[in-house]
Amino acid sequence: MTHPSPVGRTVAPSAAERAYRHLKRAILEQVHPGGSLVSEGEIAEATGVSRTPVREALLRLETEGLVRLYPKRGALILPVSAREITDVIEARRLVEVHAAEQVWPRRAEIRADLAARLAEMRAAHAAGDLTALMAADRAFHATVVDAAGNEILAELYQRLRDRQLRMGETTFRLSPRWADMALTDHAAQLAALDADDPGPWLATVASHIDNAARALRGLR
């Protein structure tokens, strides 16, 4: 007797995974803003799962620094702190400037991808689509980091992206001019790839991170 091949078959996520994805997305998109309290019952009802997988999901989110659990009360969505902003900006600078240095000799390989991400950002901005704008912006940054070829740094950057998303969402919502600034910065980075030396490229990468730091700290 032959059995159907599992190749190509989509495996449904577990109940705990569904609850985790649902709540994490709600936190990152600020459906549940920092400082709010959510109960296990609310999450269970919203995701159609029992409370046991909800508890597993909340434990994962607590280890990621997104919630703090209070027995019999629920989970507090942790607000973004000034210290968290400073830590993330420092980590971004270390990872992204290093990645920019590493990709310079192979810059021709990423130019088309960066140009495509910038075009997506412009289209999303023109359409007023904040979610698409954020996604294209994150993809622009990740393109450079991934191309550097260091899997450990790429993994670290992936973990930073969730924190960046939550901070970035606040920035874009509360500072409409920041979207224009991000587009200008990324256009400058793309143009710098055509220079004969890496100086302008590295300067624009560092400058963009500094601009992000100023915008984030200015909102506090």
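Residues numbered from 1 in each chain as written. Predicted model: local features only at pLDDT ≥ 70, side-chain atom pairs only at ≥ 80, totals over all residues. Heavy atoms only, no water.

A. Region of interest: helix H5 (residues 107–127). Spanning 21 residues, H5 covers 30 Å between terminal C-alpha atoms, matching the ideal 30 Å at 1.5 Å per step. Restricting attention to buried positions, one finds in H5 the residues Ile 110, Leu 114, Arg 117, Leu 118, Met 121 and Ala 124. Structurally, H5 contributes buried residues whose contacts are with helix H4 (82–103), helix H6 (130–147), helix H8 (176–192) and helix H9 (199–218). Positive phi shows up at Gly 128, right after H5, with a value of about 70°. (Helix = DSSP H or I, 4+ residues; strand = E, 2+ residues; numbered from the N terminus. Expected span 1.5 Å × (residues − 1). Buried < 20%, exposed > 50% of the residue type's maximum accessible area, 1.4 Å probe, protein only. Contact = heavy atoms within 4.5 Å.)

B. Broad picture of the sheet that holds strand E1 (residues 37–38). Taken in spatial order, the three strands make up an open sheet running E1-E3-E2, and their pairing is antiparallel. Each of the sheet's edge strands pairs with one partner strand only, and the pair in question is E1 and strand E2 (67–70). In the sheet, E1 pairs with strand E3 (residues 74–77) via two bridges, with the strands oriented antiparallel. Across the sheet, Val 38 pairs through a bridge with Ala 75, a residue of E3. Across the sheet, helix H3 (residues 51–63) lies against E2 and E3, angled at about 130° from E2, the strand it touches most. (Pairing = 2+ DSSP bridges. Axes fitted to C-alpha atoms, helices over the stretch in contact; angles between N-to-C directions.)

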